[in-house]
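# Residue-level structure breakdown
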Amino acid sequence: AQSVTQLGSHVSVSEGALVLLRCNYSSSVPPYLFWYVQYPNQGLQLLLKYTTGATLVKGINGFEAEFKKSETSFHLTKPSAHMSDAAEYFCAVSTLLNNDMRFGAGTRLTVKP
Amino acid sequence: GAGVSQSPRYKVAKRGQDVALRCDPISGHVSLFWYQQALGQGPEFLTYFQNEAQLDKSGLPSDRFFAERPEGSVSTLKIQRTQQEDSAVYLCASSLVAHNQPQHFGDGTRLSIL
């Protein structure tokens with residue numbers, strides 16, 4: 001079955017600094033990859049997704065991620081952090097063969113003023 | 001258009017009671033998913049519906065958990081004889097089809113078992 005691993009349960013950056021949240025996946029078939037953001041007491045909101053085609057995908061709020069098959073990675077980046085980016089971020093994977101989406105344990109992003 | 005709506009937002013029950021959690025998916029969404037999210041963890045898959053058919057219930061932790069979607073729209077997750085370990089946030093998500101389409105999540109029901 002597919003799975004994802006998010007490296008770093010907590011990441012802290014200064015406002016205006018680069019954000020890098022790491023995600024590695026495992027799948028025996030081509031994966032569909034997603035990043036979601038969760039604010040306190042809310043559900044998950046889609047940031048971006050990769051299914052096929054261009055490996056660099058752009059999402060909302062200035063985030064982007066690059067699918068690297070050779071590294072089995074799908075890291076999330078944003079050039080300049082904003083205070084409003086502070087939240088929990090989840091990487092997720094699904095495939096054509098499975099009904100369920102598998103989530104990582106999440107990375108809590110803190111943005112310091 | 002309205003997003004995925006879940007009710008109640010918060011539910012407190014005594015151990016041993018039965019609870020029912022409701023999910024109203026986005027209109028027209030064929031697929032519906034239930035997840036359980038423990039504190040500090042990512043969502044864990046419970047079950048999946050395609051229209052009214054429950055195609056996958058492999059994630060349900062025990063036979064105390066039951067889900068239904070009788071008319072292919074609203075879904076109910078029922079937990080019988082609740083235990084303290086059932087305390088979690090229960091998330092519902094819907095999508096047009098499974099696999100490569102993003103799932104749209106509700107805000108969840110926070111269940112606390114005393």
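Provided above is the structure to which this section pertains.
This text gives an overview of the structure that appears in the document. Here, residues in each chain are numbered from 1, in the same order as that chain's written sequence. Lettering for chains starts from A, numbering for ligands starts from 1, and both go in the order in which the items are written. With pLDDT at 70 or above as the cut-off, local features in this predicted model cover only qualifying residues; side-chain atom pairs require 80 or more to be listed or tallied, and sums for whole chains, interfaces and linings still use all residues. Computation of side-chain values covers all heavy atoms of the structure but excludes hydrogens and water.

Let us now look at the pairing of strand β9 (residues 88–95) of chain B. Residues and elements named next belong to chain B. Whether a residue is buried, partly exposed or exposed follows from its accessible area with a 1.4 Å probe, protein chains only, as a fraction of its type maximum: under 20%, in between, or over 50%, in that order. Helix and strand assignments follow DSSP, with helices taken as H or I runs no shorter than four residues and strands as E runs no shorter than two, numbered in order from the N terminus. Summarising burial for β9: eight of the eight residues are buried, a large majority. Judged by which residues are buried, β9 turns out to be covered on both faces: A88, Y90, C92 and S94 on one side and V89, L91, A93 and S95 on the other are all buried. At least two bridges found by DSSP between two strands are what make those strands a pair. Alignment of strand β4 (residues 31–37) against β9, held across seven bridges, turns out to be antiparallel. Paired with Y35 across the strands is L91, a residue of β9. Sheet topology note: the β9/strand β11 (residues 109–113) ladder contains three bridges and is antiparallel. Its bridge partner being in β11, V89 is matched across the sheet by R110. Pairing between β9 and strand β10 (residues 104–105): two bridges, direction antiparallel. Each residue of the ladder has a partner; that of A93, found in β10, is F105.

Moving on, we get to the nonpolar core. Only buried residues count toward a nonpolar core, which is a set of Ala, Val, Leu, Ile, Met, Phe, Trp, Tyr and Cys residues joined through side-chain atoms within 4.5 Å. Membership of the largest hydrophobic core comes to 25 residues, with the highest contact counts inside it found for W35, L47, L48, F74, L76 and Y89 of chain A. Those elements that place two or more of their residues in this core are β3 (19–26), β4 (31–38), β5 (44–50), β7 (64–68), β8 (73–78), β9 (87–95) and β11 (107–112) of chain A. The contact definition used throughout considers only heavy atoms, calling two residues in contact when any of these lie within 4.5 Å. With residues up to four places along the chain from it excluded, the contact list for Y89 of chain A reads Q6, L21, W35, Y36, V37, L47, F63, L76, G106, T107 and L109 of chain A. I26, F49, L77 and A88 of chain B belong to the second-largest nonpolar core, a separate cluster that totals 20 residues.

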